[in-house]
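Survey of secondary and tertiary structure
In case you want the letters, here they are:
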Amino acid sequence: MTTVAPRKRQYGKGSLTVATWVLAILFVFPLLWMILTAFKQEADAYTDPPKLLFSPTLHQIGNVLGGSFLPYLANSAFVTVLSTLLVLLLGVPAAYALSLAPVKGTSNALGFFLSTKMLPIVAAIIPLYVISQNTELLDTVWALVILYTSMNLPLAIWMMRSFFLEVPHEMIEAGRIDGANLPTLLRKIIMPVVAPGIAATALICVIFSWTEFFYAVNLTAARAGTVPVFLVGFITSEGLYWAQLSAAALLASLPVMIVGWIAQNHLVRGLSMGAVK
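Residues numbered from 1 in each chain as written. Predicted model: local features only at pLDDT ≥ 70, side-chain atom pairs only at ≥ 80, totals over all residues. Heavy atoms only, no water.

Identification of the protein as Carbohydrate ABC transporter permease from Amycolatopsis melonis is taken from an unreviewed UniProt entry. Its UniProt record gives the protein the following Subcellular location (unreviewed entry) comment, quoted word for word: "Cell membrane". You can read under Sequence similarities (unreviewed entry) in the UniProt record for the protein the words "Belongs to the binding-protein-dependent transport system permease family." (UniProt positions renumbered as here; feature names shortened; annotations may be inferred.)

Right, here's the structure in full:
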């Protein structure tokens, strides 16, 4: 009996490890296939069955970079960075007020923030289009900055509020006893504690803004198109250019993957805040 139980535990751990690897491969496989296709010739991308052995080439990536990709990339970078900064600038004080300095009507405010995410975006596109047209914001990056800020702000406030709730009140009280005012408390006591959570929130806002398609494709035409709008250009009446589309998708994904890889430690720490009391 003493030897059977450890063996069962070992078999259980082994099965769990195998299942984890299978799931990981299933999730990563589309990305790996996109990378492989990006280095193929267009003829090799259409073979049936697919070619696993081929002569890699940078021809497709060169075609994408030599085309109109860079303006779309610049628009996405500008809109993503500015909207994320605005979300943090507005969300940090709001999250502080709703967590560490709650006021009357806090629950109502939280419910309002959550209710803004319940409206389908397709139901709001016509009013937003009319407003953008009347305010001369149609086909400008500023319309997307405003929309992405309003789109990400409720989620950011909810996330950052949970991070602020993890700050020990004893630390805040000790700072107040030492004469620290609110800006000093935020800068020297509170922000260092919640920095991983804010980094995780910022990364999620970056991902949502970078990959957003519906607003961008309906409110931009020629001057303010973003990377997702650029990718749609490869869908033509002649068919799909799989190799060029994969190359463009790879280039479009690289900035987010690099940012995620750099901030992965902060992301894990931020998303795990509050998980263990």
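Next comes the rest of the write-up.
A few words on the overall build of the protein. Scanning the protein from N- to C-terminus turns up 13 helices and 2 strands. Within the protein, buried positions represent 36% of all 277 residues. (Helix = DSSP H or I, 4+ residues; strand = E, 2+ residues; numbered from the N terminus. Buried < 20%, exposed > 50% of the residue type's maximum accessible area, 1.4 Å probe, protein only.)

With that out of the way, let us pick up the pattern of salt bridges. With the rule as written, the count across this model stands at 2 salt bridges. Between Asp 139 and Arg 223 there is a salt bridge whose closest N-O contact spans 3.6 Å. Taken together, the residues Asp 139 in the loop between α6 (121-134) and α7 (141-164) and Arg 223 in the loop between α10 (214-219) and α11 (227-232) connect sequence positions 84 residues apart. In this structure Arg 223 comes out as exposed when scored by relative accessible area, which is 60%. In this structure, Arg 176 engages Glu 173 in a salt bridge whose closest nitrogen and oxygen atoms are separated by 3.4 Å. In this pair, Arg 176 and Glu 173 are both assigned in helix α8 (residues 169-177), 3 residues apart and thus about one turn of the helix distant. Using a relative accessible area of 41% as the deciding quantity, one classes Arg 176 as partly exposed. Glu 173 sits in the partly exposed class, given a relative accessible area of 41%. (Salt bridge = Lys/Arg side-chain N within 4 Å of Asp/Glu carboxyl O.)

Buried within helix α3 (residues 59-66) we find Gln 60, Ile 61 and Val 64. On an axial view of α3, the arc spanned by its buried residues comes to 100°, and they lie on one face. (Arc of directions from axis to C-beta.)

In this structure, the largest pocket encloses a volume near 320 Å³. Lining the largest pocket are 14 residues, with Thr 116, Ile 121, Ser 150, Met 151 and Tyr 215 positioned closest to its centre. At the level of elements, α6 and α7 are the ones that each hand at least two residues to the lining of the largest pocket. Examining the composition of the lining of the largest pocket, we find that 5 residues originate from one element, α7, more than from any other. (1 Å grid on protein atoms, 1.4 Å probe; cavity = no way out; pocket = protein on both sides within 12 Å on 5 of 7 lines; lining within 4 Å. Points joined across faces, edges and corners; volume = space filled by probe spheres on them.)

Next up on the list: the packing of aromatic side chains. Both the distance between ring centres and the angle between the ring planes are used here to describe each pair of aromatic rings. Taken as a whole and judged by the stated rule, the model has 6 aromatic pairs. Seen in terms of ring centroids, Tyr 72 and Phe 230 are 5.2 Å apart; in terms of plane orientation they differ by 45°. Their pairing is tilted. Residue Tyr 72 is found in helix α4 (residues 69-99), and its partner Phe 230 is found in helix α11; the two are separated by 158 residues along the sequence. An aromatic cluster is built from Phe 69, Tyr 72 and Phe 230, whose rings are joined through pairwise contacts. (Phe/Tyr/Trp six-rings, centres within 6.5 Å; stacked < 30°, edge-to-face > 60°.)

Okay, unusual backbone geometry next. Although it is not a glycine, Glu 136 sits at a positive phi angle of roughly 60°. With respect to the secondary-structure elements, Glu 136 resides in the loop between α6 and α7. Non-glycine residue Asp 139 carries a positive phi angle of around 60°. Of the residues examined, Asp 139 reaches a relative accessible area of 11% and is grouped as buried.

Within this structure's numbering, the places UniProt gives as "transmembrane region" (unreviewed entry) are residues 16-36, 77-98, 110-130, 142-164, 185-210 and 241-263. Between the end C-alpha atoms of residues 16-36 there is a gap of 29 Å, over a span that is 100% helix and 0% strand. In the segment residues 142-164, helix accounts for 100% and strand for 0%; the C-alpha atoms at its two ends are 30 Å apart.

One can describe the packing of α8 onto helix α9 (residues 182-211) by two numbers: an axis separation of 11 Å at closest approach and a directional angle of 165°. The pairing of α8 with α9 is recorded here as roughly antiparallel in orientation. For the pair α8 and α9, the crossing hand works out as right-handed. Contacts between α8 and α9 involve Met 171, Ile 172, Gly 175 and Arg 176 on the former and, on the latter, Leu 185, Ile 189, Ile 190 and Val 193. (Axes fitted to C-alpha atoms, helices over the stretch in contact; angles between N-to-C directions. Parallel < 35°, antiparallel > 145°, perpendicular 65-115°, else oblique. Left-handed = near helix turned anticlockwise from the far one by under 90°. Contact = heavy atoms within 4.5 Å.)

This brings us to the nonpolar core. Membership of the largest hydrophobic core comes to 26 residues, with the highest contact counts inside it found for Leu 100, Met 160, Phe 164, Ile 190 and Val 194. Listed by contribution, the elements that provide at least two residues to this core are α4, α5 (106-115), α7 and α9. For this core, the leading source of residues is α9, giving 8 residues. Apart from the residues within four sequence positions on either side, Phe 164 is in contact with Val 92, Ala 95, Tyr 96, Ser 99, Leu 100, Ile 190 and Val 194. (Core = buried A, V, L, I, M, F, W, Y, C linked by side-chain atoms within 4.5 Å.)

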